[in-house]
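# Per-entry structural report
Residue-level listing of the chains:
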Amino acid sequence: MAVTIAEKGYRAVLRTLIVAGSALAFAWVGWAGLEGLRTQRNLAQLEELSGQLLQRAELAVDYAVITLGDYAAPSNDLCNIDALRTLRRQTYARGAIKDIAVLASDGQPMCSTAPVQFDLLSSRSAPIAEYESRNTSIVLQPSHAEGSGLFRVIWRVSDTHLVAATLNIDMLMFDIFPAQLRDEALAEIRIGTGDVVARFGDMASKEAGETARAFESASDRYPVSVALAVSDSSFRNWNPWPLAPVLAVGAIAGTLVGLLLAQSSMRPPGPVDALRIAIRRGELVPYYQPIFELATARIVGCEVLVRWVRRDGELVFPDRFIPIAEASGLIVPMTERLVEQALSELAPLLSGRPEFKTAFNIDPAHFVQQGFLDALDQIVAQTGWPNTRIVLELTERNAFPDMKQAVAVTKEARTRGYRISLDDTGAGHNGLGHIQDLNPDIIKIDKKFVGVAGTVEAADAIIEVLVNLGQRMGAVVVAEGIETEDQRATLAHAGVAQGQGYLISRPVPLARFRTLIRDHELVAQPAANDPQMA
Ligand SMILES: Nc1nc2c(ncn2[C@@H]2O[C@@H]3COP(=O)(O)O[C@H]4[C@@H](O)[C@H](n5cnc6c(=O)[nH]c(N)nc65)O[C@@H]4COP(=O)(O)O[C@H]3[C@H]2O)c(=O)[nH]1
């Protein structure tokens, strides 16, 4: 089937849309997938950072506890000059520890290596909170100066003997954040119920109201916890993937998939699928060929002949698709739609034309199918046509799959009022067998004989036999394929009652058929000798 320029253009646009859509979709999915991974990775990294910070804080406390362990024996007199000198030396050698002190039972320092450190920062007027560790003899005390980095680890060796180490853990946080987050994140080390001992970073630069991602980790050994917060925008911009390669890879993959998709989805459908689509779209339409009285040229009915009118206007004749429809079973929905459409279209012609009948070609296999007549009844009833005005044409050319069933359905059809017509009579392989079995109401003489009527003796003899048979069986004889006035005259003279053929009209669409009927009614001659009517 030729592909028109418009169709080519349409396909090109469709192909471009499929490929572009697929490329965009893949690029987007690739990007969104990697963004999801990045979020997961960033979350994991921040959790790890908060864990690391907590570990550092715990280590600092561990270190203080180990150092205090050296002075824990109550027998030690730590407050004499020599002992203090040794203590001071050791304190200087241990980075985070700023002071070691011996406390009285009320917590007041008895002696200290650097008495200023903790006491200066704490207010003597308010009591300083104390938080017990899992080992209850180890107590942590934040300083009153929030965020100073200072806090105290006290070891209650006995009720009267307390040793304390003052720590500054500010420097623990110095390198905790990656450079990208340093100005847009906040880390805090807290003691007890929330006293902030040390703070690093700043989120003040971020816009007010911006959400932040927060992480917290708490020690199960000491009353120490760590809180980490990162502004949402920093979090989103952290560890970005290189966007261009990601999009490029996604787009290339999408383009390849799109090309494959376009190729498979635009492959022209096979003949059966094409026909199925055409039926669904209503591209198979009825054409009408008038059946007229040979004596008067009065139109007394029509034969419905299917045409496939493609979207581009191309007209496809039945010999190109009826065999496909019959072999695939699509002949059933095709015929049903055709009957429905034709009867609906022709309904206005019913009134005032009591003899007007419409004939449909019925595939023999469809005819003997279970429920054929019931389905037909339903369609016909919807259109308001009486069954008696409908002719079912059965061809001589195709054999009936089940002749007994065909005879039974024929009888039942006639009981329900339908007329049975035997098409292409004489041209099939059954001789006159079908006439005897099916007892039709109408016998159609094949155009093979009509075309040579009056010129070939054998054809004239066959026509004569069929006319005689018709008369004896009470069947109307119709000649198909009358192309010339001579043929019409010869056939009329031979006793053929009705005919169809190019002499009057080819099969035509509805509008043309209506005009034809009107014109013929105006010029039709009254029958001198009315032949038998079907
Ligand atoms: N040369 C010549 N031809 C004439 C003349 N008058 C009519 N014809 C053609 O002869 C065919 C008569 O239909 P058919 O024997 O039932 O033969 C039909 C019928 O067997 C089948 N067919 C058509 N429509 C349907 C349908 O709706 N259902 C089924 N099952 N078969 C159909 O396709 C066949 C061909 O149909 P068409 O191409 O429409 O061909 C039609 C018609 O156009 C004439 O004066 N000269």
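Everything in this summary refers to the structure shown in the same document. (Residues numbered from 1 in each chain as written. Predicted model: local features only at pLDDT ≥ 70, side-chain atom pairs only at ≥ 80, totals over all residues. Heavy atoms only, no water.)

Along the backbone of the chain there are 16 helices and 19 strands. Relative to its 534 residues, the chain shows a buried fraction of 44%. Sequence-distant contacts in the chain: of pairs separated by 6 or more residues, those separated by 24 or more amount to 66%. (Helix = DSSP H or I, 4+ residues; strand = E, 2+ residues; numbered from the N terminus. Buried < 20%, exposed > 50% of the residue type's maximum accessible area, 1.4 Å probe, protein only. Contact = heavy atoms within 4.5 Å.)

A few words now on the pattern of salt bridges. One pass over the structure, following the stated rule, counts 24 salt bridges. Two residues, Arg-199 and Glu-146, come together in a salt bridge whose shortest N-O distance is 3.3 Å. Within this pair, whereas Arg-199 is found in strand β8 (residues 195-201), its partner Glu-146 is found in the loop between β4 (138-142) and β5 (150-156), the two being separated by 53 residues in sequence. Looking at Arg-199, the relative accessible area reads 35%, which means it is partly exposed. (Salt bridge = Lys/Arg side-chain N within 4 Å of Asp/Glu carboxyl O.)

Once that is clear, we can look at the packing of aromatic side chains. Taken as a whole and assessed by the stated rule, the structure comprises five aromatic pairs. Measuring from centroid to centroid gives 6.3 Å for Phe-367 and Phe-400, while their planes differ by 65°, and the two rings are edge-to-face. Of this pair, Phe-367 sits in helix α9 (residues 364-367) while Phe-400 sits in the loop between β15 (390-395) and α11 (403-415), placing them 33 residues apart in sequence. Here the two residues Phe-367 and Phe-400 agree in accessibility, since each one is buried. In textbook terms, an aromatic cluster arises when at least three aromatic residues are bridged by ring pairs, as seen for Tyr-288, Phe-356 and Phe-513. (Phe/Tyr/Trp six-rings, centres within 6.5 Å; stacked < 30°, edge-to-face > 60°.)

Packing of helix α8 (residues 331-346) against helix α10 (residues 372-383) leaves a shortest axis separation of 9 Å and a crossing angle of 20°. Taken together, the axes of α8 and α10 lie roughly parallel to each other. By crossing handedness, the relation of α8 to α10 is classed as right-handed. Here Glu-336, Val-339, Glu-340, Leu-343 and Ser-344 of α8 lie close against α10, whose contacting residues are Ala-375, Leu-376, Ile-379, Val-380, Gln-382 and Thr-383. For the contact of α8 with α10, the class distribution of residues is six nonpolar, three polar and two charged. (Axes fitted to C-alpha atoms, helices over the stretch in contact; angles between N-to-C directions. Parallel < 35°, antiparallel > 145°, perpendicular 65-115°, else oblique. Left-handed = near helix turned anticlockwise from the far one by under 90°. Nonpolar A, V, L, I, M, F, W, Y, C, P; charged D, E, K, R; others polar.)

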